[in-house]
Amino acid sequence: MSINAFIFDLDGVLTDTAEYHYLAWAELANELGIAFSREDNEHLKGVDRMASLAFILDKGGITLDEDKKLQLADKKNQHYQQLINRMSPEDLFEGVLPLFDQLKQQGIRIGLASASKNAALVLTRLGITDAFDYIADAAKIAQGKPHPEIFLTVAKALDIPVHSCVGVEDSIAGLHSILDAGMHSIGIGDAEVLAAADLVYPTIGQLDLAEITTEF
Ligand code: BG6
Ligand code: MG
């Protein structure tokens, strides 16, 4: 079976913004008096802003009206944007540019399936916007990860059948999104956390394109 597209998640796959999301949520949870660990954060990776806030409030047993929730989500986002505004091309994970070059040489198309409404800004800071053949607009996705909508949207826009697509994710929610889309899956991170993936690499720099194309 040939592979014709790689569809990447952004936060935690191409750069360390997963850590910035964690730091911004942890500060908000702390202000609300809610315990929030890195283990809790694993469940928030890939999950959109309002659903992430709902998880934290639920953990703290706090019920708030919609206005207050929007206010808190906005506060987290302002903190997050302060963190990403300091980013530069140096923050791209090692190995990403050579991987993109290899994919292009082999005629494999490159898509982005990030749940983040800040994705365009992060790509600009990293200087890699032009590397993508298609970038999903998170604001237009009705059902967030783990629903497959975002990966299916990118495959359709690239006009590549799902069985010829590889999805690359660091989150449990995102991995399920790829699996339910019927694509091949690559996990980036802890093999135990991402046990459902077809292949897992500790970092994107260790991703082995020859191994992947042989395996799939
Ligand atoms: C995902 C992150 O990529 O984007 C989540 O893994 C984040 O942590 C989600 O909540 C939404 O991001 P944003 O920037 O729209 O709040
Ligand atoms: Mg991610």
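Treat the numbers as computed from the prediction; the structure is a model and nothing was measured.

What counts, and at which threshold
In every chain, residue numbers begin from 1 and rise along the written sequence. Throughout, the order in which chains and ligands are written sets their labels, letters from A for the former and numbers from 1 for the latter. Whole-chain, interface and lining totals are the exception, using all residues; otherwise, since this is a predicted model, local features are given only for residues with pLDDT of at least 70 and side-chain atom pairs are given and counted only at 80 or more. Note that the side-chain values use all heavy atoms of the structure and ignore hydrogens as well as water. Every helix listed is a DSSP run of H or I at least four residues long, and every strand listed is a run of E at least two residues long, numbered separately from the N terminus. In this description the radius of gyration comes from C-alpha coordinates, and the expected globular size is given by 2.2 Å times residues to the power 0.38. Exposed residues in this analysis have more than 50% of their type's maximum accessible area, buried residues have under 20%, and partly exposed residues fall in between, with area computed by a 1.4 Å probe over protein chains only. Residue contacts follow a heavy-atom distance rule, with two residues in contact if any of their heavy atoms lie within 4.5 Å. In this tally, Asp and Glu contribute negative charge and Lys and Arg positive charge; neither His nor the terminal groups of the chain are included. The atoms used to mark charge sites are NZ of Lys, CZ of Arg, CG of Asp and CD of Glu. Axis definition: a line fitted to C-alpha atoms, limited for helices to the stretch in contact. Angles are taken between N-to-C directions and run from 0 to 180 degrees. In these notes the angle categories are as follows: under 35 degrees is roughly parallel, over 145 is roughly antiparallel, 65 to 115 is roughly perpendicular, and the rest is oblique. The classification used treats Ala, Val, Leu, Ile, Met, Phe, Trp, Tyr, Cys and Pro as nonpolar, Asp, Glu, Lys and Arg as charged, and all other residues, Gly among them, as polar. Because water is not among the atoms used, a metal site may look incomplete, as its donors are only the N, O and S atoms within 2.8 Å, or 3.2 Å for Na, K and Ca. Note on definitions. A residue lies near a molecule or strand when any single heavy atom of the residue is within 4 Å of it. Polar contact criterion, stated in full: a pair of N or O atoms within 3.5 Å, where within protein one must be able to donate a hydrogen and the other to accept it, and residues adjacent in sequence count only if both atoms are side-chain atoms. Throughout, the Shrake-Rupley method with a 1.4 Å probe supplies accessible areas, and for residues the shown protein chains are the sole cover considered. Between any two strands, at least two bridges found by DSSP are needed for them to pair.

Here the focus is the overall build of the protein. In terms of regular secondary structure, the protein is built from nine helices and six strands. For a compact globule of 216 residues, the expected C-alpha radius of gyration is about 17 Å, and the protein comes in at 17 Å, within 12% of that figure. Projected onto its principal axes, the C-alpha positions of the protein cover 50 × 35 × 30 Å. In the protein, buried positions account for 46% of the 216 residues. The long-range fraction of contacts in the protein, counting pairs at least 24 apart against all pairs at least 6 apart in sequence, stands at 61%. Taking the average place of the 16 positive charges on the side chains of the protein and the average place of its 33 negative ones, the gap between the two points comes to 8 Å.

What follows deals with the packing of helix α3 (residues 49-59) against helix α4 (residues 66-84). As a packed pair, α3 and α4 sit with axes 10 Å apart at the nearest point and diverge in direction by 110 degrees. Overall, the two elements α3 and α4 adopt an arrangement that is roughly perpendicular. Of the residues in α4, those in contact with Arg49, Met50, Leu53 and Leu57 of α3 are Glu66, Lys69, Leu70, Leu72, Ala73 and Asn77. When its residues are assigned to classes, the contact of α3 with α4 shows six nonpolar, one polar and three charged.

Attention now moves to the coordination of the magnesium ion (ligand 2). The protein atoms that coordinate the magnesium ion (ligand 2) are Asp9 (OD), Asp11 (O) and Asp170 (OD), at distances of 2.0 to 2.1 Å. Counting along the primary sequence, the residues that act as donors to the magnesium ion (ligand 2) give the motif D-x1-D-x158-D. Residue aspartate 11 is located in the loop between β1 (5-8) and α1 (17-31), and its partner aspartate 170 is located in the loop between β4 (165-169) and α8 (172-181); the two are separated by 159 residues in the primary sequence.

Moving on: the site of ligand 1. Among the 14 residues in the neighbourhood of ligand 1, the closest are listed as Asp11, Arg49, Ser116, Lys117 and Asn118. Contacts to ligand 1 include arginine 49, whose side-chain N or O atom sits 2.7 Å from an oxygen atom. In the model, an oxygen atom of ligand 1 is placed 2.7 Å from a nitrogen or oxygen of the lysine 117 main chain. Relative to its free-state accessible area of 390 Å², ligand 1 is covered by the protein chains to the extent of 97%. Each residue belonging to the shell around ligand 1 can be placed in one class, and the counts come to three nonpolar, six polar and five charged.

With respect to the helices and strands, glutamate 169 occurs in strand β4. Classification of glutamate 169 by relative accessible area gives buried; the value is 0%. One polar contact links glutamate 169 to lysine 145, side chain to side chain, over a distance of 2.7 Å. With residues near it in sequence (within four places) discarded, glutamate 169 still touches Asp9, Val13, Lys145, Phe151, Gly174, Leu175, Ile178, Ile186, Gly187, Ile188 and Leu194.

A word on the sheet that holds β4. Ordered by their spatial adjacency, six strands build an open sheet running β3-β2-β1-β4-β5-β6, and the pairing between neighbours is parallel. Two strands in the sheet have a free side with no partner beyond their single neighbour: β3 (134-135) and β6 (199-201). Sheet topology places β1 next to β4; four bridges connect them, and they run parallel. The residue of β4 that forms the bridge with isoleucine 7 is glycine 167. Across the sheet, helix α5 (residues 96-105) is in contact with β1 and β2 (109-112); its angle to β1 comes to roughly 150 degrees.

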